[in-house]
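Residue strings, one per chain:
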Amino acid sequence: MTGRREAAGGDAVTGDWTPLPEPLLWMTLHGDQDVFVLRQRGREVAAAVGMEHQDQVRVATALSEIGRHAIGATVTFTAEVSARPRLVIVVEADGIGISPPEGTAAAGRLMDEVHVERDRISLTRRLPAQVGPERLAEARRTLAQSLPTTALDELSVQNRQLVTALEEVQAHRDELLTLNAELEETNRGVMALYTQLSEELEQTNQGVVALYAELDERSAQLREANEAKSRFLANVSHELRAPVTAIIGLTRLLLDARSEPLTPDQTHQLGLVQDSAADLLARVNDLLDLAKAESNRIEADWAPVDLAAVFGQLRGTLRPLARPGVQLEIAEPDPVDLVTDELLLTQILRNLLTNALKFTDAGTVGMGALVLDGRLHIAVADTGIGIPFAEQRRVFEEFHQVRGAHQAGGTGLGLPYARRLATLLGGGLSMVSEPGEGSTFTLDLPLRPSAPDTDLPHVPAVLVVDDEAAARQVLREHLAGIAEHVHEAADARSALAIATRERPSVIFLDLRMPGGDGAELIAAMAGVPELARIPVVVVTGADAGHVPGAAAVLAKSVLTRRAVADVVALVTG
């Protein structure tokens, strides 16, 4: 027979009815008294097949809702043992499904499913999985022996169930109140913690702002001190140059053969005075050259240069400076079409060769030239004492001298000045040294000056991160005209703070620094979305190759203004 199926909630679907197994119990509703018996029997059947107390109440209540409007109907209780055991209750009467009783919708909410057909209404509720034929046979015997109770007895049971339900509701309500109280207490704790953290964060922010203000003030003071130093060096150099030159002139007059004869002691003493004055003049000239370089008052005089002639001049003038047992070997360069400033190039090479001869007791001091990738590389190598690893980062710092037996003499300005001149010529100066084996300084120059800087990129701000002040200064000079503002940091921690505050367009980063290397800074920036977008250009003297997280890598040996401009254009493109 085909009919309608009404699931929980009252939804109706169609389906075919299948004959049911042997019933557990059946009864007929003759009058209102039997409605109470139906409720009792429903509860007893549910208990006999192992349902929980709440399910027993559900079954009894659903039957009560339907039975009140189904007087004359026959009710059959059957249990199906299959993959999904269930209790099936069928209420049968002529035409009962044409106009279902008012309690059908309520029963649908209490039972798993409700099937409504023309002459029957079927209710189903799942059974415990362990129900089997033995349990059902036992249930039939138990139900056959039980007798119906009176309406008052059933009402009493119903009242007890109601009281139990109310007690459970009250317990749930009390539990809910307790949970609400605990939640409210937790919320107060969270708010207190949030307030405390907010206050601490505010204090931290105030401290950071104060620190930034102090850093800005210190930076301004450093700039002013640097400018004052340059003015002082220029003034002192000029003031000292005249009397020193006069001393040298006077000693030459006294030592001239046409002057009155001097005793050997007088001649020796005047020779010492002349040598000391010449040494002092050389140092004064170093100070004056440095002051000019720092104030950008040196301009290159571009012209074709005969590199072989420059090498020959240096070979002739510096050979007498070599100690006994030291061989000065300046290789003849191949012909090269070179346009640069001959005077500045000679100054750089003379400085490098003089240093090499001073720090080499035995072996060789050599110089050679090589054109590679359209650039001129001039290397000055020696077999001297080398430079300790701890000192190598500072050799290009002004006034810094390598400590040791060879420290006597000099001002510590030669290498910084040479690097500045190399930068002015569009090139760079790098160093590789092995303590006890020697050092190699390499000058890298373009074969001809680059075109006018009309195609330079322009960015608002750049951050230069390097523990070497000299390296930062070289980059600052290369970035002139490219970046409106150049910020500097000597370590990763300061760099992260400046990057957070200033948000530069590009960061030039040394890969190896004490107190946190460049890779750590890149990783820290990657964790901050606002900083992760800033391109990082790694500038290093090591063979870094590809650096994870870096937009580009530049070698310090080929660090030129053109190279810096090209990489800025590339990463900000």
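From a predicted model like this one, the values you see are computed outputs, not experimental measurements. (Residues numbered from 1 in each chain as written. Predicted model: local features only at pLDDT ≥ 70, side-chain atom pairs only at ≥ 80, totals over all residues. Heavy atoms only, no water.)

Chemist: Quick rundown of the overall build of the protein? Include the residues and the values.
Modeler: In terms of regular secondary structure, the protein is built from 15 helices and 19 strands. Expressed as a percentage of its 573 residues, the buried residues of the protein come to 40%. The long-range share in the protein, meaning contacts at least 24 apart out of those at least 6 apart in sequence, stands at 68%. When the accessible area of the protein is evaluated, it comes to approximately 30,800 Å², of which 55% is carbon and sulfur surface. (Helix = DSSP H or I, 4+ residues; strand = E, 2+ residues; numbered from the N terminus. Buried < 20%, exposed > 50% of the residue type's maximum accessible area, 1.4 Å probe, protein only. Contact = heavy atoms within 4.5 Å. Areas by Shrake-Rupley, 256 points an atom, 1.4 Å probe, with all protein chains shown as cover.)

Chemist: Could you give an account of the packing of helix H12 (residues 492-502) against helix H13 (residues 518-526), with specific residues and numbers?
Modeler: Following both chains from N to C, one finds H12 and H13 inclined at 30°, their axes separated by 10 Å at the closest point. Classified by the angle their axes make, H12 and H13 are roughly parallel. For the pair H12 and H13, the crossing hand works out as right-handed. Residues Ala-492, Ala-495 and Leu-496 of H12 pack against Leu-521, Ala-524 and Met-525 of H13. Across the contact of H12 with H13, the residue classes break down as 6 nonpolar, no polar and no charged. (Axes fitted to C-alpha atoms, helices over the stretch in contact; angles between N-to-C directions. Parallel < 35°, antiparallel > 145°, perpendicular 65-115°, else oblique. Left-handed = near helix turned anticlockwise from the far one by under 90°. Nonpolar A, V, L, I, M, F, W, Y, C, P; charged D, E, K, R; others polar.)

Chemist: Residues and numbers for empty space enclosed by the protein, please.
Modeler: Going through the model one piece at a time under the given rule, you end up with 1 cavity of 30 Å³ or more. Forming the walls of the largest cavity are 13 residues, and the residues nearest its centre are Arg-419, Ala-471, Val-474, Lys-556 and Leu-559. For the lining of the largest cavity, the secondary-structure elements that each account for two or more residues are helix H10 (414-424), strand E13 (428-434) and helix H11 (469-478). Here the lining of the largest cavity takes 4 residues from H11, the largest share from any one element. (1 Å grid on protein atoms, 1.4 Å probe; cavity = no way out; pocket = protein on both sides within 12 Å on 5 of 7 lines; lining within 4 Å. Points joined across faces, edges and corners; volume = space filled by probe spheres on them.)

Chemist: Before we move on, can you summarise the sheet that holds E13 with the specific residues and values?
Modeler: Ordered by their spatial adjacency, 5 strands build an open sheet running E9-E11-E12-E14-E13, and the pairing between neighbours is mixed. Two strands close off the open sheet at either side, each with one partner strand: strand E9 (326-330) and E13. Taking the axes of each pair of neighbouring strands and ignoring which way they run, one obtains an average angle of 15° across the sheet. Of the strand pairs in this sheet, E9 and strand E11 (residues 363-372) are connected by 5 bridges, and their pairing is parallel. Looking at E11, one finds that Gln-327 is bridged to Thr-364. Across the face of the sheet, helix H8 (residues 342-358) comes into contact with E9, E11, strand E12 (375-382), E13 and strand E14 (438-446) while running at roughly 20° to E12. (Pairing = 2+ DSSP bridges.)

Chemist: Can you explain H11? Please cite residues and give values.
Modeler: In terms of burial, H11 is largely enclosed, as 7 of its 10 residues are buried. Residues of H11 that are buried include every one of Ala-470, Ala-471, Arg-472, Val-474, Leu-475, Glu-477 and His-478, and no others. Elements in contact with the buried residues of H11: H10, strand E15 (459-465), strand E16 (483-489), strand E17 (506-510), strand E18 (536-540) and helix H15 (561-572).

Chemist: How would you sum up the nonpolar core? Please name residues and give values.
Modeler: Core analysis: the biggest nonpolar cluster contains 40 residues, and Leu-345, Leu-349, Leu-353, Met-367, Ile-378 and Leu-443 have the highest contact counts within it. Mapped by element, the contributors of at least two residues to this core are helix H7 (307-318), E9, H8, E11, E12, H10, E13 and E14. Not counting residues within four places of it along the chain, the set of residues in contact with Met-367 comprises Phe-311, Leu-314, Glu-329, Ile-330, Ala-331, Leu-349, Leu-353, Ile-378, Ala-379 and Val-380. Residues Leu-29, Ala-48, Val-59 and Ile-89 belong to the second largest nonpolar core, which totals 35 residues. (Core = buried A, V, L, I, M, F, W, Y, C linked by side-chain atoms within 4.5 Å.)

Chemist: Before we move on, can you summarise H7 with the specific residues and values?
Modeler: Along its 12 residues, H7 runs 16 Å from first to last C-alpha, staying within 8% of the 16 Å computed at 1.5 Å per residue. All of the buried residues in H7 are Leu-307, Val-310, Phe-311, Leu-314, Arg-315 and Leu-318. Relative to the axis of H7, the buried residues are bounded by an arc of 135° and lie together on one face. (Expected span 1.5 Å × (residues − 1). Arc of directions from axis to C-beta.)

Chemist: Now, about the environment of Ala-278: what can you tell me, with residues and values included?
Modeler: Mapping Ala-278 onto the fold places it in helix H6 (residues 264-294). It is 6.9 Å that separates the C-alpha atoms of Ala-278 and Ile-248, two residues lying 30 residues apart in sequence.

Chemist: Which residues make up the sheet that holds E18, and what are the values?
Modeler: The strand order across the open sheet formed by 5 strands is E16-E15-E17-E18-E19, and the pairing between neighbours is parallel. Two strands in the sheet have a free side with no partner beyond their single neighbour: E16 and strand E19 (552-555). Looking at each pair of strands side by side, their axes are set apart by 20° on average, direction ignored. Strands in contact with H12 are E15, E16 and E17; relative to E16, the strand with the most contacts, it is inclined by about 150°. Contacts from H15 reach E15, E17, E18 and E19 within the one sheet, and its direction differs from that of E17 by about 125°.

Chemist: Could you give an account of the pairing of E13, naming the residues involved and the relevant values?
Modeler: In terms of burial, E13 is a largely internal element, 5 of the 7 residues being buried. Looking at chain direction, E13 and E14 are connected through 7 bridges and run antiparallel. Of the residues in E14, the one forming a bridge with Ser-430 is Thr-442. Here E13 folds back onto E14 in antiparallel fashion, the turn holding 3 residues, of which Gly-436 has a positive phi close to 85°.

Chemist: Residue-level account of the packing of helix H1 (residues 32-48) against helix H4 (residues 133-145), with values.
Modeler: At a minimum axis distance of 9 Å, the contact between H1 and H4 shows a crossing angle of 145°. Crossing angle aside, the handedness with which H1 passes H4 is right-handed. Counted together, Arg-41, Glu-44, Val-45, Ala-47 and Ala-48 of H1 and Arg-135, Ala-139 and Leu-143 of H4 form the full contact between these two elements. Looking at the contact of H1 with H4, its residues break down into 5 nonpolar, no polar and 3 charged.

Chemist: Explain the side chain of Asp-34 to me, and be specific about the residues and the numbers.
Modeler: Within the fold, Asp-34 resides in helix H1. Setting aside anything within four residues of it in sequence, one finds Asp-34 in contact with Met-27, Thr-28 and Leu-29.

Chemist: Help me get a handle on the pattern of salt bridges, residues and values and all.
Modeler: Under the criterion given, the structure shown has 22 salt bridges. Close ionic contact of Arg-125 with Asp-112 constitutes a salt bridge, the shortest N to O distance being 2.9 Å. Residue Arg-125 is located in strand E7 (residues 120-126), and its partner Asp-112 is located in the loop between helix H3 (104-110) and strand E6 (113-116); the two are separated by 13 residues in the primary sequence. According to the relative accessible area criterion, Asp-112 is partly exposed, its value standing at 26%. When the shortest N-O distance is used, the salt bridge between Glu-184 and Arg-188 registers 3.1 Å. With Glu-184 and Arg-188 both in helix H5 (residues 151-255) and 4 residues apart, this pair spans about one turn of that helix. (Salt bridge = Lys/Arg side-chain N within 4 Å of Asp/Glu carboxyl O.)

As far as function goes, none of this settles anything; it's purely spatial.
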